[in-house]
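Coordinates in review
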Amino acid sequence: MSSDPRHFKVGEKIGYGMGDLASSLYVNFFNIYLLYFFVELGGVAPAAMALMLLLTKMFDAVTDPVMGAIGDRTRTRWGRYRPYLLWGAVPFGLFGAAIFAAPDLEPGSMLAWAYVTYILTMIAYTATNVPYSALMGVVSASADIRSSFATYRMVFSALAVVGVAIVATTMVRELGAGDEREGIMLTMFFLAAIATVSLLIAFAASKERIPPATTNGRIIDDLKVLVTTPAWIAVAIAATLTPVALASRGSSALFWFRYVANDSGEPVFAFLDRIGLFYTAFAIGQLVGVILAGALTKKFSKAHLLIAAGVLKVIAIVIFDMVPVDAIWPQTFAQIFVGVGLGMMMVLAYSMFTDIAEYIEWQSGRQMTGLAVSGAVFAIKTGIAFGLALPGFLFALTGFVPGEIQNEEARWGIDLAFAVVPGAIIIPAGLVMLFYKLDRKTMAALEADLIERRASV
């Protein structure tokens, strides 16, 4: 398991990358339909649903470091992190499908259904996604190779966005045949099946090459090292703020198009309606951003690239919000660049966390890849929690009434969640990168030192 080839087969990278289809399909479908399903179609009060999303996601986020520590201490013939992809694949698929299989219930019972099924899904998400993310840290001792794996991972993440934007939104309309609830449920069944298979493929294709430490120290000591590492703090802040923008914009998009842009839901380009076109443009941009980041990290500082990506995303959101609400193609063009910015930021953040894990091992001798990466997942989920909850709270504060023509204040609340907050919150996410000091020269030196240390053990 200690062998570390300089040239990896593309098949392994593709197989590993497919694992991110599971989480990305869920996250993107939930971003579009979760709040809408329970508020607009299920009758749950926006504030109640927002609180549910906040509480369950915060609980989910807290479990991430626990799962990371468990993964670091797991020893099986398959490795430390790989077996969780095998063990968790089926529960992940079943629980995710259950969320939108809610029968016709009263709002209070619908809310209870949301709590139970969403918590179970997020537990399964943690049990698979944290080890999956940590796995990238042990496929190779090279930061450039890990960045390559991160690129493949984010390519499949972007393809999942394309799938949700083009296929899933169309399936909801066609399978529902006028019944949105049924369309959403049947589409989720399809996505859950794909997610299950993708995790099993990632398990089969991947290998762990960094040998585990003979013993691990106390978890509390690992945590102390982690939270006092400046580079980790900087990336964790950025990884918290960026998903707030993504989730808030995504979960309020259907409301924006319906109540602010007065979209009829009819196709505007081929078979795509405006929401489908919106997400397709975002997905195309994200794919471009992923590929661009993978190429640029070989020449430039990851911190500087992340700042540039954030600036690009903010400018694109501002342009989208400034053009007339019926300017479909200028909005689509701007949305492509929103995706480019996010695609770059995601590749950079995930590869940074595995670099930080190596830095911590080099500096302290502690091997804690799972915990370091679970910190990334914790930060991301915390950001998603606030981002998903934010629209519900803003809607409640500004007088949103489902199914009615909204007054000016309610429309402003929707626009806050869709554009103003997502644009503003990216700015500090870029600024904290000024404190990230693990440049290419530093990483190359510590990698060489670590290879010598591991060879002498």
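None of these values were measured; they are calculated from a predicted model.

Attention now goes to the side chain of Ser23. You can see Ser23 is positioned in helix α1 (residues 10-41). Among the polar contacts made by the side chain of Ser23, one reaches the side chain of Asn129 at a distance of 3.4 Å. Beyond its immediate chain neighbours, meaning those up to four positions away, Ser23 contacts Phe92, Tyr125 and Asn129.

This part takes up unusual backbone geometry. Backbone geometry places Ala177, a non-glycine residue, at a positive phi of 50 degrees. With respect to the element layout, Ala177 can be found in the loop between α5 (143-176) and α6 (180-205).

Glancing now at helix α13 (residues 408-431). Across its 24 residues, α13 extends 34 Å between first and last C-alpha, which sits within 8% of the 34 Å expected from 1.5 Å per residue. Of all the bends in α13, the greatest, near 50 degrees, is centred on Leu416.

Moving on, we come to the pattern of salt bridges. For the structure on display, the rule yields 10 salt bridges. Two residues, Arg153 and Asp20, come together in a salt bridge whose shortest N-O distance is 3.0 Å. With Arg153 in helix α5 and Asp20 in helix α1, this pair connects stretches of sequence that are 133 residues apart. The burial state of Arg153 is the same as that of Asp20; both residues are buried. Taking the shortest distance from any N to any O, the salt bridge between Lys302 and Asp355 comes out at 2.6 Å.

A cluster of nonpolar side chains, Phe59, Val90, Leu94, Phe95, Val116, Leu120 and Ile123, forms an exposed patch at the surface whose accessible area comes to about 610 Å². Those elements giving two or more residues to the nonpolar patch turn out to be α3 (82-99) and α4 (107-135). Checked against the element boundaries, Val116 lands in helix α4.

What follows concerns the confidence of the model for the protein chain. A residue-level look at the protein chain finds 96% of positions with pLDDT of 70 or above and a mean pLDDT of 87. Mean pLDDT per element in the protein chain: helix α7 (residues 219-227) is the minimum at 79, and α3 is the maximum at 96.

With respect to the secondary-structure elements, Ser133 resides in helix α4. Among the residues examined, Ser133 registers a relative accessible area of 2% and is labelled buried.

About the cut-offs
- Residues numbered from 1 in each chain as written.
- Predicted model: local features only at pLDDT ≥ 70, side-chain atom pairs only at ≥ 80, totals over all residues.
- Heavy atoms only, no water.
- Helix = DSSP H or I, 4+ residues; strand = E, 2+ residues; numbered from the N terminus.
- Polar contact = N/O pair within 3.5 Å; in protein donor to acceptor, adjacent residues only side chain to side chain.
- Contact = heavy atoms within 4.5 Å.
- Expected span 1.5 Å × (residues − 1).
- Bend = angle between axes of the 7 residues up to and from the residue.
- Salt bridge = Lys/Arg side-chain N within 4 Å of Asp/Glu carboxyl O.
- Buried < 20%, exposed > 50% of the residue type's maximum accessible area, 1.4 Å probe, protein only.
- Patch = residues over 30% accessible without salt bridge, like charges linked within 9 Å, V, L, I, M, F, W, Y side chains within 5 Å.
- Areas by Shrake-Rupley, 256 points an atom, 1.4 Å probe, with all protein chains shown as cover.
- pLDDT = per-residue confidence, 0-100.

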